[in-house]
Amino acid sequence: MSEIRWHTGYQMVLVPGAHDVDKQLTKEIHYILKNEFKMSGVNIVTTQRDNPKTDKYHRKEQQSHVLGQFPVGEARHDSGKATLSEFTNKEAVYFITHPYNHSLNVDVETTIAQICLFGRTIIKGNYGVGQLSLVTPIGPYDLNHSFKRNRGEGLIESESLPWYLERVGKSGFNEIITITSHSSKTEEIAKDLGIYFRDIDAFRFRVPSGQLGPFCYEQPGNKRRRNDFQEQIAKMIPFVTYLKSISEQKRDNIYIAATDEGSADLARKLAFSLWDDDRHVLLIEKERAGAGKSKIIGVDTQRSTASLDELIDKTIIMPDDRRLSGGTTNDLAIDLKENYRVAKVIALIPHDMSYNANFKDHTAIDELVFLETNPNSALRGKNDRIIRLPISTTALLL
């Protein structure tokens with residue numbers, strides 16, 4: 001949504017899902033678009049009555065737009081004509097929701113039903129909406145990591161992903177916006193279904209300011225940078241900004257470790273953000289050391305630019321796209337500290353998808369930095385080692 005540039009009169013509607021966290025995120029996005037991007041044509045249409053006590057006495061066609069959840073697997077959509085008229089001929093409608101909500105005692109199937117029910121309502125009403133977008137902080141692939149998923153029940157990622165995306169496409173959505181998606185399969189399947197998949201990289205270290213318009217510039221045509229230009233850009237690259245903030249004085253003490261093949265390119269990207277080259281990168285090789293345990297057996301010498309022998313008294317950055325149980329990361333951190341005398345281990349992870357409150361036992365991790373994308377993260381308690389970036393950062397990325 002932040003790629004609107006200088007189209008400040010762009011007519012769009014933001015629609016939150018049925019949960020309070022959806023409304024909070026929607027309000028943050030609305031504030032940013034109105035105040036940072038100077039967009040006068042953006043409005044929120046809520047999915048719950050503002051005043052249910054008085055609204056229920058109105059005639060049906062005058063009642064508010066309501067998207068509710070009831071028994072498992074059932075979604076209800078009550079729509080008054082007066083409210084739905086707000087969608088007429090809008091250039092874009094954004095439905096903003098957190099499908100990942102198992103801790104709210106709502107099956108993910110129910111939330112998917114709500115998403116699709118809203119889309120079908122818009123299409124059936126023939127309101128002339130140009131673009132219908134699903135905005136979901138955690139991507140469709142990670143739709144069900146929970147106790148239920150751990151038992152092999154419910155939706156399984158690789159099996160259910162095509163079904164989910166097909167339902168979204170058939171319900172009229174032609175765009176999905178998310179942050180640091182785990183699987184490239186999502187984009188491939190979405191493209192085949194005619195859905196544009198916009199995956200915002202939380203680890204990016206550059207952002208084209210020309211796409212940000214009033215967020216960075218004083219005048220149309222991107223003339224005259226704002227006085228806070230650099231600060232604004234820093235907000236758009238949260239993990240790199242955090243990394244630079246801790247490395248300004250001791251940048252040579254920072255090393256970046258990829259713990260699997262999927263994070264290898266990510267480690268190099270973060271190295272370039274600090275040094276403009278890929279120095280101090282280690283691609284760790286590990287093996288199982290018993291049930292649920294891992295240990296370091298070396299590094300990929302062909303692709304690493306540093307060795308384990310260099311790590312004495314250094315700070316190790318361990319980036320990944322998501323945290324599930326966190327056990328492997330902690331095991332490797334223990335190994336790094338005990339056998340290679342590492343001073344500090346920092347994990348940078350956009351999505352914490354844990355459902356076990358076990359971080360208190362992961363004492364080898366000195367800092368865990370992550371985005372506010374999962375309102376039901378097990379990392380809800382107070383802990384000085386946990387750095388949860390504010391929901392405004394998530395809203396700005398989206």
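Above this text is the structure in question.
The structure contained in this document is the topic of the report that follows. Not measured: the values here are computed from a predicted model.

Sheet topology places strand β11 (residues 254-258) next to strand β12 (residues 281-288); three bridges connect them, and they run parallel. Its bridge partner being in β12, alanine 258 is matched across the sheet by leucine 283. The pairing of β12 with strand β13 (residues 294-299) spans five bridges and is classified as antiparallel. Looking across to β13, one finds that glutamate 287 is bridged to lysine 295.

This next bit is on the sheet that holds strand β1 (residues 12-16). Backbone-to-backbone hydrogen bonds join strands into a sheet, with any given pair of strands oriented parallel or antiparallel. In spatial order, the strands read β2-β1-β5-β6-β7-β8; together these six strands make up an open sheet with parallel pairing. A strand with exactly one partner marks an edge of an open sheet, and here the two such strands are β2 (42-44) and β8 (196-200). This sheet shows a mean twist of 20° between the axes of neighbouring strands, independent of strand direction. Relative to β8, strand β7 (residues 175-179) runs parallel, the two being bridged by five bridges. When the bridges of β8 are listed, isoleucine 179 appears paired with isoleucine 200. Sitting on the sheet, helix α1 (residues 20-35) touches β1, β2 and β5 (92-96), and the angle it makes with β1 is about 155°.

For the rest of this paragraph, the subject is the packing of aromatic side chains. Counted under the stated rule, the structure contains five aromatic pairs. Judged by centre distance (4.8 Å) and plane angle (25°), the rings of phenylalanine 95 and phenylalanine 118 are stacked. With phenylalanine 95 in strand β5 and phenylalanine 118 in helix α4 (residues 108-125), the pair connects residues that are 23 residues apart, well separated along the chain. Between tyrosine 217 and phenylalanine 229, the ring centres sit 5.8 Å apart and the planes meet at 65°, which makes this aromatic pair edge-to-face. On the criterion of sequence distance, the pair formed by tyrosine 217 in strand β9 (residues 217-219) and phenylalanine 229 in helix α8 (residues 229-236) is long-range, its members being twelve residues apart. For the pair tyrosine 217 and phenylalanine 229, one class covers both residues: buried. Members of the aromatic cluster, connected to one another through ring pairs, are Phe87, Phe95 and Phe118. The aromatic ring of phenylalanine 229 is capped on one face by arginine 225, whose charged end is 3.9 Å from the ring centroid.

Attention now goes to the sheet that holds β11. Pairing within the open sheet is mixed, and its seven strands lie in the order β13-β12-β11-β14-β16-β18-β19. At either margin of the open sheet sits one strand with a lone partner, and together these are β13 and β19 (386-388). Averaged over neighbouring strand pairs, the angle between their axes works out to 30° when direction is ignored.

This part covers the pairing of β1. For a regular strand, the rule is simple: side chains alternate between the two faces of the sheet. For β1, a buried count of five out of five residues is recorded, marking the element as mostly surrounded by other parts of the structure. Across the two faces of β1 the burial is the same, with Met12, Leu14 and Pro16 and Val13 and Val15 all buried. Looking at chain direction, β1 and β2 are connected through three bridges and run parallel. Looking across to β2, one finds that leucine 14 is bridged to isoleucine 44. Once the chain exits β1 it traverses α1 before rejoining the sheet at β2, and the crossover so formed is right-handed.

Thresholds, definitions, all that
Residues numbered from 1 in each chain as written. Predicted model: local features only at pLDDT ≥ 70, side-chain atom pairs only at ≥ 80, totals over all residues. Heavy atoms only, no water. Pairing = 2+ DSSP bridges. Helix = DSSP H or I, 4+ residues; strand = E, 2+ residues; numbered from the N terminus. Axes fitted to C-alpha atoms, helices over the stretch in contact; angles between N-to-C directions. Contact = heavy atoms within 4.5 Å. Phe/Tyr/Trp six-rings, centres within 6.5 Å; stacked < 30°, edge-to-face > 60°. Buried < 20%, exposed > 50% of the residue type's maximum accessible area, 1.4 Å probe, protein only. Lys NZ or Arg CZ within 6 Å of the ring centre and 35° of its normal. Right-handed = clockwise from strand over helix to strand, strands pointing away.

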